[in-house]
Amino acid sequence: MACPDPHSCFDDAQPRTASLNLDLVADFEGKVLRGSVTLHLAWPGEGPLDLDTRGLVIHRVTGGHGQDLPFELHPEESILGSRLRITLPADTAAVTVAYETVPESSALQWLEPVQTEGKVRPFLFSQCQAIHARAMVPCQDSPGARVSYTGEITVPGDLSAVMSAGPAGDVVNADGTRTFRFAMPQPIPPYLLALAIGRLESRELSPRSRVWAEPETVGQAAWEFAEVEGIIQKAEALFGPYEWERFDLLVLPPSFPYGGMENPRMTFLTPTLLAGDRSLVDVVAHELAHSWTGNLVTNATAEHFWLNEGWTVWAERKILAALHGEEAARLGWALGQKALEDSLERFKAQPQLTLLRTRLKGVDPDDAFSSIPYEKGARLIASLERAAGPEAWRAFVRDYMAQWRFQALTTEQFCAFLEEKLPGLLRRVEADTWFHMPGMPRDAPVFDSPALDGLIRHAKAWPERPAPGAWEGWSPARQLIYLQNLPRPLPAEDCDWLDRSFGLSAKGNHELLVEWLCIAAASDFEPAFPALRAVLTRVGRMKYLRPLFMALGATARTRALARSIFEEASPGYHGLSRRVVQGVLDAYAA
Ligand code: BES
Ligand code: ZN
């Protein structure tokens, strides 16, 4: 079936890649990965084979007998990169591409030692979703083109490598370097290829889970995520057996641009989750949930991203409810509501990006990214669940996973499957409005609770203060909802009172710290400027950079501060984060 992916030159008529063998050396001086990939084709082919690449230097292409094959690297297109067209002789079963990456590869961030916790050795990590795998490996970079893979990664002798795969041993080489071997026997979409290299240690969390981090933070990480096995078991009870053998975690340096990334067998996490109170494990629950929704059943293209993220947010909150009760899940929905409203506001002038079923030809998926596929998508799943009833919905979820496991599907295929299993349900929730109309449907489910309403009313009643001791009795999620609903700007005395009464500037929980700093920035509260600078030069998580820099748009003085912070911080930011912040700063002027 033709599955045109607007972000790939993937051609269904050509042989599909079944597996990849990566053999790469990490050159930290040159900031490049150098080596080769062998692509084994699912069926022998002849004629053109098109691969996605971006910023790769292609040295040579050879066939199964080591013979040179003709290839052509097409001119670079701004979003897609360069098509690598290889001409296959008859009956070609495998091709090997010798290549190297470029230092500015959009998939890779090469960190200087000062950007790490230990500050003594450099670090490398990849981030391939949505369409950056092609900047690390020439491949058919479309989620429907699943591959299994092996990796052989050679690194400086004192560093370790991890991948989104099972470890398969390591050897020390004669020159003192070390080669780590990996195998991912299950076919995965290319956006789940992942690699990190650094000074890494690990701690056991359970028989199937360990956490990796720099030695300076690995103990803290092991404490923060100690409950992971319980989360896996709750998820299994909901969605069926965990299929990926291991669920290991990697805590990255603070420039990692996301909260988490569901790389199979090795979830990547921001160190801002190390709150010291285990309150941010919802991100771990989310990445774990992708093991079913996303990694097993995958969106066909970025235009159907809600199938990954909407389902996963819904699943994350099911896990949360199982772990901590319905009220905790409701707080999760309430926090999501705020994120959804912020995104709807951000895309006021681009309503087409608020549809669930998007059209992204000519649009960079990184620019389309927002909370909408997450929160609008999760609300659609929740209303389908309500309309179907819990029993029928549970059965559908099981059928859905059984039918589509290790495959990718479009919104239209999802609808056809749902219509077959639960006829009439889509019409009852008016699913077409969700898919094809901007904004939120009027009858979208709202998740409220008396406790939540009380909190919000309380915040909105500012300058009325919480009763003495009340704040301390609230969970971090409640405290966050309270802060989110405070009016802003606030007078300096109020900011000062908040900070002193609740110890906000000293919070290890970045959700709370950042929300406080957003209030302070929006209020042009000068005593918080050093803390703002400290967070913004250290942390690259886009979820925090965007609102903080937006809040700094408040006054001429905060805008000047923002520009000065960006100048200092941007060399250390991941390219994605840099682009997001640049966009916010450009909008100040407008
Ligand atoms: N898969 C996403 C991250 C992602 C999406 C990377 C699109 C690149 C392109 C991951 O599962 C995610 O959603 N992370 C969230 C976690 C949150 C929703 C709990 C994040 O990073 O904030
Ligand atoms: Zn996700």
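Basis of the calculations
- Residues numbered from 1 in each chain as written.
- Chains lettered and ligands numbered in written order.
- Predicted model: local features only at pLDDT ≥ 70, side-chain atom pairs only at ≥ 80, totals over all residues.
- Heavy atoms only, no water.
- Salt bridge = Lys/Arg side-chain N within 4 Å of Asp/Glu carboxyl O.
- Helix = DSSP H or I, 4+ residues; strand = E, 2+ residues; numbered from the N terminus.
- Buried < 20%, exposed > 50% of the residue type's maximum accessible area, 1.4 Å probe, protein only.
- Domains from an automatic or database assignment.
- Phe/Tyr/Trp six-rings, centres within 6.5 Å; stacked < 30°, edge-to-face > 60°.
- Lys NZ or Arg CZ within 6 Å of the ring centre and 35° of its normal.
- Polar contact = N/O pair within 3.5 Å; in protein donor to acceptor, adjacent residues only side chain to side chain.
- Near = heavy atom within 4 Å.
- Areas by Shrake-Rupley, 256 points an atom, 1.4 Å probe, with all protein chains shown as cover.
- Nonpolar A, V, L, I, M, F, W, Y, C, P; charged D, E, K, R; others polar.
- Axes fitted to C-alpha atoms, helices over the stretch in contact; angles between N-to-C directions.
- Left-handed = near helix turned anticlockwise from the far one by under 90°.
- Contact = heavy atoms within 4.5 Å.
- Disulfide = S-S within 2.5 Å.
- Pairing = 2+ DSSP bridges.
- Donors = N, O, S within 2.8 Å, 3.2 Å for Na, K, Ca; no water.
- Tetrahedral: all angles 85-135°; square planar, octahedral: opposite > 155°, others 65-115°.
- Core = buried A, V, L, I, M, F, W, Y, C linked by side-chain atoms within 4.5 Å.
- Parallel < 35°, antiparallel > 145°, perpendicular 65-115°, else oblique.

Trainee: Got a minute to help me understand the pattern of salt bridges in this structure?
Mentor: If the charged atoms of two oppositely charged side chains come close together, the side chains can form a pair. If you walk through the whole model with that rule in mind, you get 42 salt bridges. Between Asp-50 and Arg-85 there is a salt bridge, and its shortest N-O distance comes to 2.7 Å. Remark: Arg-85 occurs in strand S5 (residues 82-100) and Asp-50 occurs in strand S2 (residues 32-53); sequence separation between them is 35 residues. On the basis of relative accessible area, Asp-50 is assigned to the buried category, the value being 2%. Glu-375 is the partner of Arg-317 in a salt bridge, and the nearest nitrogen-oxygen pair spans 2.8 Å. One end of the pair, Arg-317, is in helix H4 (residues 305-324); the other, Glu-375, is in helix H7 (residues 372-388), and 58 residues separate them in sequence. The class of Arg-317 is buried, set by a relative accessible area of 7%. Its relative accessible area of 7% is what places Glu-375 among the buried residues. Counted as one network, the salt bridges with shared partners bring together Asp-27, Arg-34 and Glu-100.

Trainee: Mind showing me how you'd approach the domain arrangement of the protein here?
Mentor: Much of the literature gives interface size as the accessible area that the parts lose upon coming together. Partitioning the protein into structural domains gives domain 1 (1-112 + 120-191), domain 2 (200-291), domain 3 (298-436) and domain 4 (488-588). For domain 3 and domain 4, the distance between their C-alpha centres works out to 31 Å.

Trainee: Got a minute to help me understand the packing of aromatic side chains in this structure?
Mentor: For any pair of aromatic rings, the description consists of the separation of the ring centres together with the inter-plane angle of the planes. Counted according to the given criterion, the structure contains 36 aromatic pairs. When the centroid spacing of 5.9 Å and the interplanar angle of 65° are considered together, the rings of Tyr-242 and Trp-292 count as edge-to-face. Note that Tyr-242 is positioned in the loop between helix H2 (228-239) and strand S15 (248-251) and Trp-292 in the loop between helix H3 (282-289) and strand S18 (297-299), a separation of 50 residues in sequence. On the basis of relative accessible area, Tyr-242 is assigned to the buried category, the value being 9%. When the ring centre of Trp-333 is taken as reference, the NZ or CZ atom of Arg-317 above it lies at 4.8 Å. The aromatic ring of Trp-497 is capped on one face by Arg-465, whose charged end is 4.6 Å from the ring centroid.

Trainee: How do you make sense of the side chain of Asp-524 when you look at a structure like this?
Mentor: Secondary-structure assignment places Asp-524 in the loop between helix H16 (510-522) and helix H17 (529-538). A polar atom in the side chain of Asp-524 sits 3.3 Å from the side chain of Thr-555.

Trainee: Is there a simple way to explain the site of ligand 1 in this structure?
Mentor: Surrounding ligand 1, one finds 17 residues, the nearest of these being Gln-129, Gly-259, Glu-262, Glu-287 and Tyr-374. One of the side-chain nitrogen or oxygen atoms of Glu-262 is found 2.6 Å away from a nitrogen atom of ligand 1. In this structure, an oxygen atom belonging to ligand 1 sits 2.7 Å away from a side-chain N or O atom of Glu-287. Isolated, ligand 1 exposes 530 Å² of accessible area, and the fraction of that covered by the protein chains is 90%. A class-by-class count of the residues in the shell around ligand 1 yields seven nonpolar, six polar and four charged.

Trainee: Is there a simple way to explain the packing of H17 against helix H18 (residues 542-551) in this structure?
Mentor: Between two packed helices, both the angle of their axes relative to each other and the distance between the axes serve to describe the pair. Packing of H17 against H18 leaves a shortest axis separation of 10 Å and a crossing angle of 145°. Seen along the crossing, H17 lies across H18 with a hand that is left-handed. Across from Leu-532, Val-535 and Leu-536 in H17, the residues of H18 making contact are Leu-545, Leu-548 and Phe-549. For the contact of H17 with H18, the residue count by class is six nonpolar, no polar and no charged.

Trainee: Where do I start with the environment of Arg-538 in this structure?
Mentor: Its location among the elements puts Arg-538 in helix H17. Counting along the chain gives 190 residues from Arg-538 to Lys-348, while the straight-line C-alpha distance between them is 31 Å. With near-sequence residues (within four places) excluded, Arg-538 lies in contact with Glu-117, Pro-254 and Ser-255.

Trainee: Where do I start with the state of the cysteines in this structure?
Mentor: Structurally, a disulfide amounts to a covalent bond that connects the sulfur atoms of two cysteines. What the rule picks out here adds up to zero disulfides. Sulfur of Cys-518: no disulfide; nearest cysteine sulfur belongs to Cys-495 and is 12 Å away. A residue is classified by how much of its surface remains accessible, and Cys-518, at 6% relative accessible area, is buried.

Trainee: For this particular structure, what's the right way to read the sheet that holds strand S9 (residues 160-163)?
Mentor: Where strands meet in a sheet, backbone hydrogen bonds hold them as pairs that are either parallel or antiparallel. In space, the four strands of this open sheet follow the order S6-S7-S12-S9, with antiparallel pairing throughout. Taken across any chain shown, the strands that pair with only one partner, and hence form the sheet edges, are strand S6 (108-111) and S9. On average, adjacent strands in this sheet sit at an angle of 10° to one another, irrespective of strand direction. As defined by bridge partners, S6 adjoins strand S7 (residues 123-126) across four bridges and the pair is classed as antiparallel. Bridged to Trp-110 within S7 is Leu-124.

Trainee: How should the sheet that holds strand S14 (residues 209-213) be read in this particular structure?
Mentor: As summarised here, the arrangement of the five strands in space is S13-S14-S15-S17-S16, forming an open sheet in which the pairing is mixed. Each edge of the open sheet is held by one strand with a lone partner, namely strand S13 (201-206) and strand S16 (260-261). Inspection of the sheet shows S13 paired to S14 by five bridges, in the antiparallel sense. Its bridge partner being in S14, Arg-203 is matched across the sheet by Val-211. Contacting S15, S16 and strand S17 (266-269), H3 runs over the sheet at an angle of about 145° to S17.

Trainee: Just to check I follow, could you spell out the coordination of the zinc ion (ligand 2) for this structure?
Mentor: Four donors placed tetrahedrally around a metal ideally meet at 109.5 degrees, and six donors placed octahedrally ideally meet at 90 or 180 degrees. Coordination of the zinc ion (ligand 2) by the protein comes from His-286 (NE2), His-290 (NE2), Glu-309 (OE) and Glu-309 (OE), over a distance range of 1.9 to 2.8 Å. Of note is the zinc ion (ligand 2), whose six donor atoms meet at the metal with angles of 52 to 159° in an arrangement that counts as irregular. Here the donor residues for the zinc ion (ligand 2) map to a single chain with the spacing H-x3-H-x18-E. Placement of the pair is His-286 in helix H3 and Glu-309 in helix H4, with a sequence separation of 23 residues. Given a relative accessible area of 8%, His-286 falls into the buried group. Residue classification places Glu-309 among the buried positions, given a relative accessible area of 2%.

Trainee: In this structure, what is going on with the nonpolar core? I would like to understand it.
Mentor: Taken as a class, soluble globular proteins show a tendency for nonpolar side chains to be buried jointly. Residues Ile-197, Phe-225, Trp-311, Trp-314, Trp-393, Tyr-400 and Phe-414 are the most contacted members of the largest nonpolar core, which totals 133 residues. Per-element tally for this core: the top contributor is H4, with eight residues. Residue contacts for Ile-197: discarding those within four places in its chain leaves Ala-26, Phe-28, Pro-122, Phe-123, Leu-124, Ile-153, Val-155, Leu-159, Ser-160 and Ala-161. Ranked by size, the runner-up nonpolar core spans 51 residues in total, among them Leu-455, Ile-481, Ala-551 and Leu-552.

Trainee: Where do I start with the packing of H4 against H7 in this structure?
Mentor: Two numbers describe how H4 lies on H7: the axes approach to 7 Å, and their chain directions differ by 65°. The angle between H4 and H7 falls in the class roughly perpendicular. For the element pair H4 and H7, the recorded crossing hand is right-handed. Contact residues: Phe-305, Trp-306, Glu-309, Gly-310, Trp-311, Val-313, Trp-314, Arg-317 and Lys-318 in H4; Pro-373, Tyr-374, Glu-375, Gly-377, Ala-378, Arg-379, Leu-380, Ile-381, Ala-382 and Glu-385 in H7.

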